[in-house]
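Below, each chain spelled out in residue letters.
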Amino acid sequence: MWWDERVSARFRRNLQPTLTYWSVFFSFGLCIAFLGPTLLDLRCQTQSSLSQITWVFFSQQFCLLLGSCLGGVFKRTLAQSLFALFASSLAISLVFAIIPLCHNVVVLAVVMAVAGLAMGCIDTISNMQLVKIYQKDSAIFLQALHFFVGFGALLSPLIADPFLSDTNCILSNSTANASSNLPHIRKSLVPHHPGNLSHYDLPMKGMVVTRVSYAFWIMALINLPVPIAVFFLLYKERMVPCWNGSSHPLLSADELAMETRPVDKDELSTPVQRPQAAAGHDDLLSCCQSRNFRGASYTYFAVHVTGALVLFMTDGIVGEYSGFVYSYAVEEPLSVVHKVAGYLPSLFWGFITLGRLISIPVSYRMKPATMVFINVVGVLITFLLLLIFSSSVVFLFVGTASLGLFLSSTFPSMLAYTEDILQYQGCATTVLVTGAGIGEMVLQLLVGSIIHDRGSYSFLVCGMIFGCLAFTFYAFLVFFHRMYPKPSPELDDASPDKAAVPDDTGQYQR
């Protein structure tokens, strides 16, 4: 194997939980990408207007953010975390099955809100648990985790595509003009910004003819093995109440770290360290409690804030670029044919997935800080070149692929880097996931408003500004990292790097 025996041994010992968390993140990806292409068919199903149906986007994104903030509530025991993942992954399958039955846009928005809450919990808990298992070795496994998001995000539109309506799915006397422009309308739909599509007259009453229900039922079946895998993990750990042979006391949050250290005199002589470690990885509300601030240096807060701001910008770029690159391409001066421009979002997400796959072996050889530096500099240079060659259709495709590659590994690398700075005792996972979610939602809305007022060229200008801000915040993070207090010798001796040996006795802890 291309990694060393120590990491390989640790992976083999934690094979089932690691694969389970990866599969749950596949559910996350499957659910995050289906709404865009299917939105017009769902508009027909609910017989709503374009402006009404785009609020379904908001309900999902807002509740995803809310779920990310509250996901840390379930960190207190491994049982709570796994039950939350089981409920969340099962809820996604149920959502896929229920969506075809939603014939009112408000009901659909509520169902998508439930999906958003489930996705937020999955996002926080899966990242958090993998960090607990592998700690200083977590970078490579986080890269793999986020690859499965991209894989799911690529798969769900492919499943939906054969069932999408080629003509307007509400039959009435005024469907001819709208039907001929349906592919353009479909690719231009982004949250709250049907924008320049408002002049298309899409009927709201008439006979509904859509086969999109089959796509959702197929996705529900594809996702069904995921909650089953989580249930098997619960069963293996004897956490299913009715099949539990003997009761096991649930351990503290610190003892949930799934890679245990060899017991030695240092382990027995440092009991005061346990409450400190248990304070980490809380939900966002618990992280803000004053008890977590006592004795903490200003660099402790600065690392959390600057790390979250970097992801606020980079994940915001992912949201705004994937949402508006099609609209930018079909407008002046590029005026790309609608069908050709439709490949741009798929190219972007395809290279994000490819980049995450490439980052799995790269992250083993390269430090997370170096990877984040390459990512933010690459994003900055790509936007600069996109601005310089703004009249080139060829470079738009090249720049889209390049941007996807550089953005692909930013989140897992930043998460591994920030947790490493804080010695896995802060609230980095929750704060970073929340910051990324806010950025993806806020910057997409902001850029949509700016494009509507200033024109399509502002799309690249905004991306350039966001890239500059991401690089600036990263520079501040590196500065605060250098000022952050080094771990004490006792903590350093107990760190995973010191304790982990090829044949240690680490195992999955309850």
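Everything below is about the structure shown above.
Residues numbered from 1 in each chain as written. Predicted model: local features only at pLDDT ≥ 70, side-chain atom pairs only at ≥ 80, totals over all residues. Heavy atoms only, no water.

## A word on the pattern of salt bridges
Pairs can form between side chains of opposite charge once their charged atoms are near each other.
Point 1. Using the criterion set out here, one finds four salt bridges in the structure.
Point 2. In this structure, the salt-bridge partner of E5 is R12, at a minimum N-O distance of 2.7 Å.
Point 3. Judged by its relative accessible area of 44%, E5 is partly exposed.
Point 4. D420 is paired through a salt bridge with K136; the nearest N and O atoms lie 2.6 Å apart. Of this pair, D420 sits in helix α21 (residues 410–421) while K136 sits in the loop between α7 (105–134) and α8 (138–160), and the two are 284 residues apart along the sequence.
Point 5. On the basis of relative accessibility, which here comes to 32%, the residue K136 falls in the partly exposed class.
Point 6. One continuous salt-bridge network, built from bridges that share partners, spans R6, R10 and D137. (Salt bridge = Lys/Arg side-chain N within 4 Å of Asp/Glu carboxyl O. Buried < 20%, exposed > 50% of the residue type's maximum accessible area, 1.4 Å probe, protein only. Helix = DSSP H or I, 4+ residues; strand = E, 2+ residues; numbered from the N terminus.)

## Considerations on the packing of helix α5 (residues 55–70) against α7
Angle between the axes and distance between the axes are the two parameters that describe a pair of packed helices.
Point 1. Remark: α5 packs on α7, axes separated minimally by 6 Å, with the N-to-C direction vectors making an angle of 30°. When the axis of α5 is compared with that of α7, the two are roughly parallel. Along this stretch, α5 crosses α7, giving a crossing that reads as right-handed. In contact with V56, S59, Q60, C63, L64, L66, G67 and S68 of α5, α7 contributes V105, L108, A109, M112, A113, G116, L117, M119, G120, C121, D123 and T124.
Point 2. Residue classes in the contact of α5 with α7 are distributed as 12 nonpolar, seven polar and one charged. (Axes fitted to C-alpha atoms, helices over the stretch in contact; angles between N-to-C directions. Parallel < 35°, antiparallel > 145°, perpendicular 65-115°, else oblique. Left-handed = near helix turned anticlockwise from the far one by under 90°. Contact = heavy atoms within 4.5 Å. Nonpolar A, V, L, I, M, F, W, Y, C, P; charged D, E, K, R; others polar.)

## So, the packing of α8 against helix α18 (residues 343–365)
Point 1. One can describe the packing of α8 onto α18 by two numbers: an axis separation of 8 Å at closest approach and a directional angle of 165°. Considering the angle they form, α8 stands roughly antiparallel to α18. Where α8 crosses over α18, the handedness of that crossing is left-handed. Seen from α8, the contacting residues are A139, I140, Q143, A144, H146, F147, V149, G150, F151 and L154; seen from α18, they are W349, G350, T353, R356, L357, S359, I360, S363 and Y364.
Point 2. Here the residues of the contact of α8 with α18 are counted per class, giving 11 nonpolar, seven polar and one charged.

## Some remarks on the packing of aromatic side chains
Point 1. For the structure on display, the rule yields 26 aromatic pairs.
Point 2. Where F58 meets F62, the ring centres are 5.7 Å apart and the plane angle is 20°; that geometry is what we call stacked. Taken as a pair, F58 and F62 lie in helix α5 at a separation of four residues, close to a single helical turn.
Point 3. Assessed through its relative accessible area of 40%, F62 is described here as partly exposed.
Point 4. By the ring-pair criterion, three or more aromatic residues cluster together here, those being F11, W22, F26, Y134, F141, F147, F148 and F151. (Phe/Tyr/Trp six-rings, centres within 6.5 Å; stacked < 30°, edge-to-face > 60°.)

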